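Spelled out from the first residue to the last, the chains are:
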Amino acid sequence: MKRAARAVPMANSSIAFAILLALSGCVSTATQTPCGVQEGHLSYVPARIATLACQLWPAGARFDSLPLTNVGAPETKALCTEFDNFVLKSFNDQPYMKGYSPKFVAQQLTEAGASDLASKLPDAWAHRGSDCGTCETVPAFYHASIAGRLEWLTWLNNLSKNVRHADAVLLPFVTYAYERRLDDRGLVVAERGAGVTLLLVDTNNGALLWAGGREASVPHKELANTPAGKGPQSPPMPSWEDVYARLFAEPLWRAFPGRQVY
C-alpha cells in the first residue's frame, strides 16, 4: 500500500404493476442493498483513502439478520490481524488504489492529538430506536441508520483533516465470528465460521461509495453412533486458519473502485 497519493413518465401498465407490488406486501429492496459500487458512485475513484485497522462490528449497530458472535477477544483479534494483513497486501501493484496504511493513519492521528479517534467510532454508531432492524445487508443498514448521523459526519471530518485530507476512509470489520456443536439428525457437527465487511465511505458527506463482504464456515462431521462421534470434543473443531483461507480471497474486493484484476 502506498502511504500517500489522491425522466420519462411511466406507462400505465408499469404504474399498475408498481401498485400491485405495493399491495402485495413485497419487501422493499432498500433493506437488501447489495455489496459492490453503490448507486450514484459508479465512476468515482478516491484519490486518498485512509485505511483503518480492523475492528469488531460495533455492538450498537446490530440488525436482526446479523449472526451473533460467541467467541472471545483472542479469536476476534486474530481474525482482525489476518484481515489487516490481507487488506495491506491487496494494495500492492494496484496503481489506481491510493491509500494510507493503518500504521500511517495511526501515526498521523497521534501527531494531531487524536489518537483515540478510531476507538470512538462505536460511539458514533450507537444504537438508536430509528435504526433499521429489518435491514438484511450491511450496506442497507449503513445507508438507513448511519450515513446521515451528525456525530458520524463530524467523526469523518476529523479523520480527514488529520490524515492528509483523505477523501475516503476504508473500514474493515469482523461482522461476526462463531463456533458451535450440533447434532444434525445423527450427524455430529463441529463448526467455525465468520463474516467480514469492507466499507469505503466518502469523508465529505458520509456517502457509502462501495461495500465488500464475505462469509465462510468450515464444518467437521462424524456419525453420532461411531467412536469418533461420541466424545465430548469429537469431532475436533476446525482450525481458524481453514476459515481464513476461505474468507480472505479476491472476491471480497469485487468491483472496488480502481482495482485491477490481473
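That block above? That's the structure.
Residues numbered from 1 in each chain as written. Predicted model: local features only at pLDDT ≥ 70, side-chain atom pairs only at ≥ 80, totals over all residues. Heavy atoms only, no water.

A. Helix α2 (residues 73-90), seen in detail. Taking 1.5 Å of rise per residue, 18 residues should cover 26 Å, and α2 covers 25 Å from first to last C-alpha, within 8% of that figure. Burial in α2 covers these residues: T76, L79, C80, F83, F86, V87 and S90. Projected down its long axis, α2 shows its buried positions confined to an angular sector of 125°, all on one face. In α2, the exposed positions angled more than 90 degrees off the buried face are occupied by P74, K77 and K89. Residues of α2 that are buried in the fold lie against β2 (49-51), β3 (55-56), β5 (168-184), β6 (187-202) and α8 (240-247). (Helix = DSSP H or I, 4+ residues; strand = E, 2+ residues; numbered from the N terminus. Expected span 1.5 Å × (residues − 1). Buried < 20%, exposed > 50% of the residue type's maximum accessible area, 1.4 Å probe, protein only. Arc of directions from axis to C-beta. Contact = heavy atoms within 4.5 Å.)

B. Local environment of the pattern of salt bridges. This structure, assessed with the given rule, holds seven salt bridges. Between R128 and E151 there is a salt bridge; the shortest N-O distance is 2.8 Å. Remark: E151 occurs in helix α6 (residues 150-162) and R128 occurs in the loop between α4 (121-124) and α5 (138-146); sequence separation between them is 23 residues. Note that R259 and E250 form a salt bridge whose closest N and O atoms lie 3.0 Å from each other. In this structure E250 comes out as partly exposed when scored by relative accessible area, which is 35%. (Salt bridge = Lys/Arg side-chain N within 4 Å of Asp/Glu carboxyl O.)

C. Structural context of the packing of aromatic side chains. Overall, the coordinates contain 18 aromatic pairs when judged by the stated rule. Ring centres 6.0 Å apart and planes at 55° place the aromatic pair W125 and Y142 in the tilted group. With a gap of 17 residues between them, W125 in the loop between α4 and α5 and Y142 in helix α5 connect regions that are remote in the sequence. Of the residues examined, W125 reaches a relative accessible area of 0% and is grouped as buried. Overall, the relative accessible area of 0% leaves Y142 in the buried class. Taken together, the aromatic side chains of W57, F63, W125, F141, Y142, W152, W155 and F173 make up a single cluster linked through ring pairs. (Phe/Tyr/Trp six-rings, centres within 6.5 Å; stacked < 30°, edge-to-face > 60°.)

D. Spatial organisation of the nonpolar core. Counting residues in hydrophobic clusters, the biggest one holds 38 residues, and the most contacted among them are W57, W125, W152, L159, L171 and L199. Among residues more than four places away in sequence, those in contact with W152 are L121, A124, W125, Y142, I146, A147, L171 and V201. (Core = buried A, V, L, I, M, F, W, Y, C linked by side-chain atoms within 4.5 Å.)

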